[in-house]
Each structure stands twice: as C-alpha cells, then as structure tokens.
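Understanding the architecture of this molecule
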Amino acid sequence: MKSLTLLLIGINLLFANSIVEPKITDIKAMKVIEKRTEYNGIYYHYEIKNTGNTIIPAKSYKVFLKINGKTISFDKSTSELKPGQIVKYASQKTFYKKDFEFLNYSLEIKFKDSNLKNNKLKGQSKL
C-alpha cells in the first residue's frame, strides 16, 4: 500500500511539473494622457507595458507618438522589458489652439508579437 501511494504521488508530481506555460510575447500600448499647460496648451504622456510572460530584448521594438499623422516623439533605442514592466514617456512638444482645433493622436509600437491589435492606441484631443 505504501509503495502504491508513493508511486501515485510520483506520477502526480511528474505530470504536474511537465505542464509548461506557453511563451507569450506581447507589448501593449497602455494609455495616452493629455496634459494641459497654464495657457491651455496640450502635451502628452504615454505608457507601454510588457503584458506577456517573456523578456522583450532591448532595441527589438520601437515606440512612436504621432499627432495629426506627424511623428512628434519616438524611441528607437528601446530598453529591455521584463514581464509586467511599464515604460513611461513624455512628449516634448506642446500644441496650442492657434495651430489646431483637434489633435488626433496615435501611439504605435513597431514589434511583431502575439497580439498586434494592442500595439496601437488612437484618440482625439480638443483644444
């Protein structure tokens, strides 16, 4: 009886340890945050996150923030991203009403991962 119990425990442990979690490589464009200046100008902060369970190597992805189709901020020398890690960015350009009435923004990540749909985030700001 004791040998049978040990055998069953061993088989159970063998199968429990043989289940391997699939590797998921995914970077998500999390959010674009609109910030206002004292004179009602708009500038942006934005975030990306490694939502997968693998480490994303440095310089294997690129991040772009576009306003009205024009790239205003980018990172082509990206750092390594550990699972769950968030990277925060801030644009340097401020927009004012005299330039535009609406700002269409697009946060884009150039990276081939398991979910390409979450590599882009679009929105609009009103000046």
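Provided above is the structure to which this section pertains.
Please read all numbers here as calculations on a predicted model, not as lab measurements.

Two side chains carrying opposite charge are able to pair once their charged atoms lie near each other. Under the counting rule described, the total for this entry stands at seven salt bridges. We note a salt bridge from Lys126 to Glu101, for which the minimum N-O separation is 3.4 Å. Of the two residues, Lys126 is situated in strand E7 (residues 120–126) and Glu101 in the loop between strand E5 (86–90) and strand E6 (102–110); the sequence distance between them amounts to 25 residues. The class for Glu101 is partly exposed, based on a relative accessible area of 42%. Through salt bridges with shared partners, a single network forms among Lys66, Glu108, Lys110 and Lys120.

With that out of the way, let us pick up the side chain of Ser125. Relative to the assigned elements, Ser125 resides in strand E7. Non-local contacts of Ser125, meaning those with residues more than four positions away in its chain, are made with Glu34, Ile42, Tyr44, Glu101, Phe102, Leu103 and Tyr105.

In this section: the packing of aromatic side chains. Applying the stated criterion to the full structure yields four aromatic pairs. Ring centres 5.4 Å apart and planes at 55° place the aromatic pair Tyr44 and Tyr105 in the tilted group. Placement of the pair is Tyr44 in strand E2 (residues 42–50) and Tyr105 in strand E6, with a sequence separation of 61 residues. Here Tyr44 and Tyr105 have matching classes, each one buried. Taking the ring centre of Phe74 as reference, the NZ or CZ of Lys76 above it sits at 5.2 Å.

Its location among the elements puts Gly84 in the loop between strand E4 (70–75) and E5. Looking at Gly84, the relative accessible area reads 41%, which means it is partly exposed. It is 5.6 Å that separates the C-alpha atoms of Gly84 and Thr51, two residues lying 33 residues apart in sequence. Residues in contact with Gly84, not counting those within four places in the same chain, are Lys49, Asn50 and Gly52.

Cut-offs used in this document
Residues numbered from 1 in each chain as written. Predicted model: local features only at pLDDT ≥ 70, side-chain atom pairs only at ≥ 80, totals over all residues. Heavy atoms only, no water. Salt bridge = Lys/Arg side-chain N within 4 Å of Asp/Glu carboxyl O. Helix = DSSP H or I, 4+ residues; strand = E, 2+ residues; numbered from the N terminus. Buried < 20%, exposed > 50% of the residue type's maximum accessible area, 1.4 Å probe, protein only. Contact = heavy atoms within 4.5 Å. Phe/Tyr/Trp six-rings, centres within 6.5 Å; stacked < 30°, edge-to-face > 60°. Lys NZ or Arg CZ within 6 Å of the ring centre and 35° of its normal.

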